[in-house]
Amino acid sequence: MSAVCSFDELDDGTARQVDVDGVAVAVVRIGDEVFAIEDTCSHASVSLSEGEVWCDEYELECPKHGSAFSLRTGEPSTLPATQPVDVFDASVIDGQVVVTAKTVDADREGASS
Ligand code: FES
């Protein structure tokens, strides 16, 4: 677990890149909630935290080609990306955003197994 920033430093509806144990993570605030997903797009080596947050959809859009990744599952909802990014556990503790480097075993929507 790592405290990555103060919750008040995050503007609502924005993403920020943070480092969690050497992993680039995009932390996103929507209202009173925080989310953390892998910051590197699964399509190419682009920082997702520089993209636009889609608050109503709980997605983060890649700034390069526009794939939108679920903040809850990491799955892309639009092409060209087809592979998910990792999702991390994020919470607010004593006003600090805390991210756990271990990935969340999310129920990936539409995943086949
Ligand atoms: S680099 Fe992200 S969709 Fe292409």
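Just above sits the structure.
Let's shift gears to the environment of E38. The topology assignment puts E38 in strand β4 (residues 33-38). For the pair formed by E38 and V27, sequence separation is eleven residues and the distance between their alpha carbons is 8.8 Å. E38 has contacts with V25, V85 and D86, leaving out every residue within four places of it along the chain.

Following L79, the chain continues to P80 via a peptide bond in cis, the omega torsion being 15°. Positioned with a positive phi, D21 is a non-glycine residue whose angle comes to about 50°. Tracing the backbone shows D21 in the loop between β2 (14-20) and β3 (23-30). Among the residues examined, D21 registers 11 C-beta atoms within 10 Å and is labelled exposed. For Y58, which is not glycine, the phi torsion reads 55° and is therefore positive.

Moving on to the nonpolar core. Judged by nonpolar contacts, the single largest core of 27 residues is most densely connected at A26, V27, V28, A36, I37, L60 and V99. Listing elements by their share of this core, those giving two or more residues are β2, β3, β4, β7 (68-70), β8 (87-93) and β9 (96-103). If we ignore the near neighbours within four places in the chain, the residues touching V28 are A15, V34, F35, V53, L60 and L71.

We now examine the environment of S77. Take S77: it is sitting in the loop between β7 and β8. C-alpha separation for the pair S77 and E61, spaced 16 residues apart in sequence, amounts to 9.7 Å. Setting aside residues no more than four positions away along its own chain, S77 makes contact with E59, A68 and S70.

A few words on the sheet that holds strand β6 (residues 59-61). An order of β5-β6-β7 is seen for the three strands of this open sheet, with the pairing classed as antiparallel. On the outer flanks of this sheet lie β5 (53-54) and β7, each paired with one strand and no other. Alignment of β6 against β7, held across three bridges, turns out to be antiparallel. What sits directly across from L60, in β7, is F69.

As a further point, take the environment of V104. In this structure, V104 sits in the segment after β9. Judged by local crowding, V104 falls into the partly exposed class, with 16 C-beta atoms found within 10 Å. Along the backbone, V104 and G66 are 38 residues apart, and their C-alpha atoms lie at a distance of 24 Å. The residues touching V104, leaving out its near neighbours within four places in the chain, are V87, F88 and D89.

The rules behind each value
- Residues numbered from 1 in each chain as written.
- Predicted model: local features only at pLDDT ≥ 70, side-chain atom pairs only at ≥ 80, totals over all residues.
- Helix = DSSP H or I, 4+ residues; strand = E, 2+ residues; numbered from the N terminus.
- Contact = placed C-beta atoms within 7 Å.
- Buried ≥ 20, exposed ≤ 12 C-beta atoms within 10 Å, placed from the backbone.
- Core = buried A, V, L, I, M, F, W, Y, C linked by C-beta atoms within 7 Å.
- Pairing = 2+ DSSP bridges.

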